[in-house]
Amino acid sequence: MTGAKVLLMMGCPEIPIQTSIALYLSHKLTKLGFDVTVAGTAAASKLLKVSDFDGYYVKKLIDLDKTIVDIIEKRTDFDMCFAFMHNDAGMTYATTMSSISQARMYSIVFGRNAEALAESIEFDCEKIVAQDAHNPTRLKNKLDKVMEEIVK
C-alpha cells in the first residue's frame, strides 16, 4: 500500500496525547512511503503548526470541515483514514467520514472513557484503543503494530 493516500483526522485537541501521536503517525507513515494529509479543527491545526513550525513531521495540513466537503463533492478521497477520537464530537467526525469516504477506517480512541467510546462505534473500522490522556507510549506501541500490518 505504499503511496496510498492517508488522512489523519483530528478533532478537539483537549487531550494532550493527540498532538504528539498525530505528529508521530504523520512522520512514520510518510517515511514508510504513504501520502499523508492531516486534517484538523482550527485549534488542533494551530497546535500542530506551533509544534512543527518547519513542517518536518506534517507535510500537508488542511482544514477538517473543508476536507469533509471536498470528499462529499468528490474532489478528493483517501485510501485510509485514521480518526482521532476522545469524545462524541470525534465520534461524529469519524462516523461521517465512514459514510462519505471509501477509505479503510482506523479509529484511534483515547482518554479516560476510551473503552466505553470504542464500544459505541457502529461503523466498520479497526479500533486502536488506549485509556491514556497524557502518556502517548501505549498508544504509539499499538499504532506501530497496526503500521506493521499495513506494510505487509
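Owing to the predicted nature of the structure, the values given are computational and were not obtained by experimental measurement.

A. Here's a closer look at the overall build of the protein chain. For the protein chain, the count of helices and strands is six helices and six strands. Mapped from its N terminus to its C terminus, the protein chain presents α and β elements in the order β-α-β-α-β-α-β-α-β-α-β-α. What you see for the protein chain is a C-alpha radius of gyration of 14 Å, in line with the 15 Å of a compact globule of 152 residues. When its C-alpha atoms are laid out on the principal axes, the protein chain stretches across 35 × 35 × 35 Å. For the protein chain, the residues scored as buried account for 48% of the 152 residues in total. In the protein chain, 66% of the contacts between residues at least 6 apart in sequence involve partners at least 24 apart. Of the accessible surface of the protein chain, which amounts to about 7700 Å², a share of 52% is contributed by carbon and sulfur atoms.

B. Geometry of the packing of aromatic side chains. All chains considered together, the criterion is met by three aromatic pairs. With a centroid separation of 4.8 Å and 90° between ring planes, the pair formed by Y56 and Y57 is classed as edge-to-face. One Lys or Arg, K5, reaches over the ring of F78 and ends 5.2 Å from the middle of that ring. The positively charged end of K59 is found above the aromatic ring belonging to Y56, 5.3 Å away from the centroid.

C. Just the sheet that holds strand β6 (residues 126-130), in detail. Across the sheet, which stays open at both edges, the six strands sit in the order β3-β2-β1-β4-β5-β6 with parallel pairing between neighbours. Looking along the sheet, the strands with just one partner apiece sit at the ends: β3 (61-63) and β6. Here the strands of the sheet are splayed against their neighbours by 20° on average, with no regard to which way each runs. When strand β4 (residues 80-85) meets strand β5 (residues 104-110), the two strands line up parallel, connected through six bridges. Bridge pairing links F82 to Y106 in β5.

D. Looking closely at helix α3 (residues 64-72). Along α3, the residues classified as buried are L64, T67, I68, D70 and I71. For α3, the angular spread of the buried residues around the axis is 160°, confining them to a single face. The inward-facing, buried residues of α3 contact β1 (5-10), β2 (35-40), β3 and α4 (88-100). One side-chain oxygen of the residue at the start of α3 lies 3.2 Å from the amide nitrogen of D65, identifying that residue as D63.

E. Region of the structure containing the side chain of T41. Along the chain, T41 falls in the loop between β2 and α2 (42-51). Discounting chain neighbours no more than four positions away, the residues touching T41 are M10, G11, C12, P13, L64 and Y93.

F. Highlighting the packing of α3 against α4. Contact geometry for α3 and α4: axes closest at 10 Å, N-to-C directions at 20°. Taken as axis vectors, α3 and α4 run roughly parallel relative to one another. Our pair here, α3 against α4, has a crossing hand that is left-handed. Between α3, through L64, D65, I68, I71 and I72, and α4, the contact on the second element is made entirely by Y93, T96, M97 and I100.

G. Region of interest: the environment of N135. Among the structural elements, N135 can be located in the loop between β6 and α6 (137-151). Taking the C-alpha atoms as reference points, N135 and V6, separated by 129 residues in sequence, lie 25 Å from one another. Of note is the side chain of N135, whose polar atom sits 2.9 Å from the side chain of T137.

Reading the values: the criteria
Residues numbered from 1 in each chain as written. Predicted model: local features only at pLDDT ≥ 70, side-chain atom pairs only at ≥ 80, totals over all residues. Heavy atoms only, no water. Helix = DSSP H or I, 4+ residues; strand = E, 2+ residues; numbered from the N terminus. Rg over C-alpha atoms; globule rule 2.2 N^0.38 Å. Buried < 20%, exposed > 50% of the residue type's maximum accessible area, 1.4 Å probe, protein only. Contact = heavy atoms within 4.5 Å. Areas by Shrake-Rupley, 256 points an atom, 1.4 Å probe, with all protein chains shown as cover. Phe/Tyr/Trp six-rings, centres within 6.5 Å; stacked < 30°, edge-to-face > 60°. Lys NZ or Arg CZ within 6 Å of the ring centre and 35° of its normal. Pairing = 2+ DSSP bridges. Axes fitted to C-alpha atoms, helices over the stretch in contact; angles between N-to-C directions. Arc of directions from axis to C-beta. Polar contact = N/O pair within 3.5 Å; in protein donor to acceptor, adjacent residues only side chain to side chain. Parallel < 35°, antiparallel > 145°, perpendicular 65-115°, else oblique. Left-handed = near helix turned anticlockwise from the far one by under 90°.

In short, geometric facts, not functional conclusions.
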